[in-house]
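What follows is each chain in one-letter form.
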Amino acid sequence: SASTLFLAANSYRFWGRRGGEQSTYLMSCDLKSDGQPSVWGATGIVPGYTKDSYSMSERNNHLRIATTSRERLACRADPNPEDNSTDGDWCRFWCCHGWETVANSTSQVMILSLSGANGTMEVVSAATGLGETEEIKSVRYFDDFVVLVTFLRTDPLYTVDLTNNTATVLGYLKIDGYSSYMQEYPTDGGSRMLLALGQNADPETGFDIGLQISLFNITDMLNPTLTIRYNVEQGDQESQWSSSEAQFEPKALRFLPQSKLLIIPAYVGSGDTSFDGFLVVYVTPELIEERYAVSMVDGNTIRGKGICWGCAYVQSRSLVISGDATLIKGHTMKNIALTDGSSRWNASLDRPITRKDDCCGYFWVFRPTMDICGGTFNDIARPAVEPEVVEISVGSEPAN
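Now for a look at the structure at hand. (Residues numbered from 1 in each chain as written. Predicted model: local features only at pLDDT ≥ 70, side-chain atom pairs only at ≥ 80, totals over all residues. Heavy atoms only, no water.)

**Quick word on the packing of aromatic side chains**
How we decide: Only Phe, Tyr and Trp rings are paired, with Trp represented by its six-membered ring, and only when their centres lie within 6.5 Å; those with planes under 30 degrees apart are stacked, over 60 edge-to-face, the remainder tilted. In this description a helix means any DSSP run of H or I spanning at least four residues, a strand means any run of E spanning at least two, and both kinds are numbered starting from the N terminus. Residue burial is assigned from relative accessible area. The probe radius is 1.4 Å, only protein chains are included, and a residue is buried under 20% of its type maximum, exposed over 50%, and partly exposed in between. Placement of a positive charge over a ring is assigned whenever Lys NZ or Arg CZ falls within 6 Å of the ring centre and within 35 degrees of the normal to the ring plane.
This model, assessed by the stated rule, comprises five aromatic pairs. Each ring, one from Tyr-54 and one from Tyr-181, has its centre 6.2 Å from the other, and the planes form 80°; the classification is edge-to-face. Taken together, the residues span a long stretch of sequence, with Tyr-54 in the loop between strand S3 (39-47) and strand S4 (56-59) and Tyr-181 in strand S14 (residues 178-185) at a distance of 127 residues. Judged by its relative accessible area of 9%, Tyr-181 is buried. Ring plane angle 25° and centroid distance 5.6 Å describe the contact between Tyr-158 and Tyr-172, whose orientation is recorded as stacked. Of this pair, Tyr-158 sits in strand S12 (residues 154-161) while Tyr-172 is found in strand S13 (residues 168-176), placing the two residues 14 residues apart along the sequence. Classification of Tyr-158 as buried rests on a relative accessible area of 11%. The ring centre of Tyr-178 lies 4.8 Å from the NZ or CZ of Lys-137, which sits over that ring. Sitting above the plane of the Tyr-282 ring, Arg-291 keeps its charged end 4.3 Å from the centroid.

Right under this line is the structure:
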């Protein structure tokens, strides 16, 4: 919050044959606004692990926190306890008969008072038993409620009321895939919606299928609904795969409320070619439509043999000023007209490379051997300094 810094650290206490206990240790630090030094505040401990900083929220001198207690294993009991030959000193310390699950993973939302006795955080309310066998994928807090997503093979989206510092599960929605990032979608009326970015998933195996964008209606928290969903990969999904940094780094995502445009970095692989760049997507409750894609690199050169890249891959960011968008990703920075994606200017972020030891892969910071580079250093190709901006169907091969 603006006045308090919260620190969280995962802990695991091993109990030997009985498995162990997962906990999160908490500490608050009061941030002074009058120029005085900050001071440590309350401390506490809760069961389970947090996913990220979005798992915590402070309101009215109370900390709200969502955690997952993962599956707990313990030593399987001796199948022949009467036969001393099957168990002994060795098996008293090691699991001679294997491990078994003694508790499934489950998640919980807890509310802790920051004014407990002796400077401790005290749990005043908790909603437990959420998403058995699953783990938290994303959390978004509002003033008096929280929405969280758990996932194993399908995606239960839970709404939890936090009014009067009492955690109560109100409703949930179970659908395929999961949302790894959520934020509020602005509406004109009294409705309340969530914009979510995540992965479509196979309902049988839980394996990720591809990047997806969703809008959820949470106006009726007893009955949250999926309003509309868009899969980035169109056509044959078995031959493609896609992901976005914005699933794990919200600073990589930008949503423009007036134009309803969502700007996200994306990687889409398909056969021998790949797309690495940004998608500009129009998002409304009636329609989610890709307006255009901005390629930051010739897709044929990402995994191409004999290509030499600088040993840095810049995290994705976008900046919009006066109708133009500046995009940064990988090895390139470029400025485009937001209306149609036409290029204003391009710049390579790689420094000039004069030695083979300075060569790296496109994504991975490694120094390839000459077998990887292919031939002598003089034979190594340098990527184009100014990759073209092209409008493509995501997953297809960019134009040359």
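**Quick word on the pattern of salt bridges**
Cut-off, in case you're wondering: Definition used for salt bridges: Asp or Glu carboxyl oxygen within 4 Å of a side-chain nitrogen of Lys or Arg.
Counted by the stated rule, this structure contains eight salt bridges. The partner of Lys-329 in a salt bridge is Glu-245, and the shortest N-O contact between them spans 3.7 Å. Of the two residues, Lys-329 sits in strand S24 (residues 324-330) while Glu-245 sits in the loop between strand S18 (240-243) and strand S19 (254-256), which places them 84 residues apart along the sequence. Close ionic contact of Asp-276 with Lys-329 constitutes a salt bridge, the shortest N to O distance being 2.5 Å. Placement of Asp-276 in strand S21 (residues 273-283) and of Lys-329 in strand S24 is noted, with a sequence separation of 53 residues between them. As far as the burial class goes, Asp-276 and Lys-329 line up, both buried.

**Notes on the environment of Thr-68**
For the record, the criterion: It only takes one pair of heavy atoms within 4.5 Å for two residues to be counted as in contact. Polar contact is defined as a pair of N or O atoms within 3.5 Å, subject to the rule that within protein one atom must be able to donate a hydrogen and the other to accept it, and that residues adjacent in sequence are counted only when both atoms are side-chain atoms.
With respect to the element layout, Thr-68 can be found in strand S5 (residues 62-69). On the accessibility criterion, Thr-68 (6% relative accessible area) is buried. Remark: the alpha-carbon pair of Thr-68 and Ser-107, spanning 39 residues in sequence, is separated by 4.2 Å. Residues in contact with Thr-68, not counting those within four places in the same chain, are Gln-22, Gly-48, Tyr-49, Thr-106, Ser-107, Gln-108, Glu-134, Glu-135 and Ile-136. Reaching out from Thr-68, the side chain makes a polar contact with the side chain of Ser-107 at a distance of 2.8 Å. From its side chain, Thr-68 meets the backbone nitrogen of Ile-136 in a polar contact 3.0 Å long.

**Examining the nonpolar core**
Where a protein is soluble and globular, its nonpolar side chains tend to be buried together. To keep things clear, this is the line we draw: To define a nonpolar core, start from buried Ala, Val, Leu, Ile, Met, Phe, Trp, Tyr and Cys residues and group those joined through side-chain atoms within 4.5 Å.
Core analysis: the biggest nonpolar cluster contains 25 residues, and Leu-195, Ile-213, Leu-262, Ile-264, Leu-279 and Val-283 have the highest contact counts within it. Looking at this core, the elements that each hand over two or more residues are S14, strand S15 (193-201), strand S16 (208-217), strand S17 (225-231), strand S20 (261-270), S21 and strand S22 (288-295). Judged by nonpolar contacts, the second largest core, of 16 residues, contains Leu-173, Ala-196, Phe-216 and Ile-218.

**A word on a nonpolar patch on the surface**
Under the convention used in this document: Exposure above 30% relative accessible area and no salt bridge define the residues that can form patches, which grow by joining like charges within 9 Å and nonpolar side chains of Val, Leu, Ile, Met, Phe, Trp and Tyr within 5 Å. The Shrake-Rupley method, run with a 1.4 Å probe sphere, supplies the accessible areas, and residue values consider only the shown protein chains as cover.
There is a patch of nonpolar side chains on the surface, built from Leu-5, Leu-7, Met-27, Leu-31 and Trp-40 and spanning about 460 Å² of accessible area. Locating Trp-40 in the fold gives a position in strand S3.

**Structural notes on the side chain of Asn-335**
Along the chain, the position of Asn-335 falls in strand S25 (residues 332-337). Looking at Asn-335, the relative accessible area reads 7%, which means it is buried. Residues contacting Asn-335, with those up to four places away along its chain left out, are Asp-324, Ala-325, Thr-326, Ser-342, Ser-343, Arg-344 and Trp-345.

**Here we look at the side chain of Lys-137**
Considering the arrangement of structural elements, one finds Lys-137 in strand S10 (residues 135-141). Residue contacts for Lys-137: discarding those within four places in its chain leaves Lys-51, Val-149, Thr-150, Phe-151, Tyr-178, Ser-179 and Ser-180.

**Overview of unusual backbone geometry**
Even without a glycine there, the phi angle at Thr-133 is positive, about 75°. Even without glycine at this site, Ser-322 takes up a positive phi of about 55°. Checked against the element boundaries, Ser-322 lands in the loop between strand S23 (314-321) and S24. Classification of Ser-322 by relative accessible area gives exposed; the value is 75%.

**Some words on the sheet that holds S10**
In plain terms, the rule: Strand pairing follows a simple DSSP-based rule, namely that at least 2 bridges must link the two strands. To obtain each axis, a line is fitted to C-alpha atoms, and for helices this fit is confined to the stretch in contact; angles are then taken between N-to-C directions over 0 to 180 degrees.
Ordered by their spatial adjacency, four strands build an open sheet running S10-S11-S12-S13, and the pairing between neighbours is antiparallel. On the outer flanks of this sheet lie S10 and S13, each paired with one strand and no other. Averaged over neighbouring strand pairs, the angle between their axes works out to 20° when direction is ignored. Two strands pair when backbone bridges link them, and S10 and strand S11 (residues 145-151) are joined in this way by six bridges, in the antiparallel orientation. Bridge assignment links Ile-136 to a residue of S11, and that residue is Thr-150.

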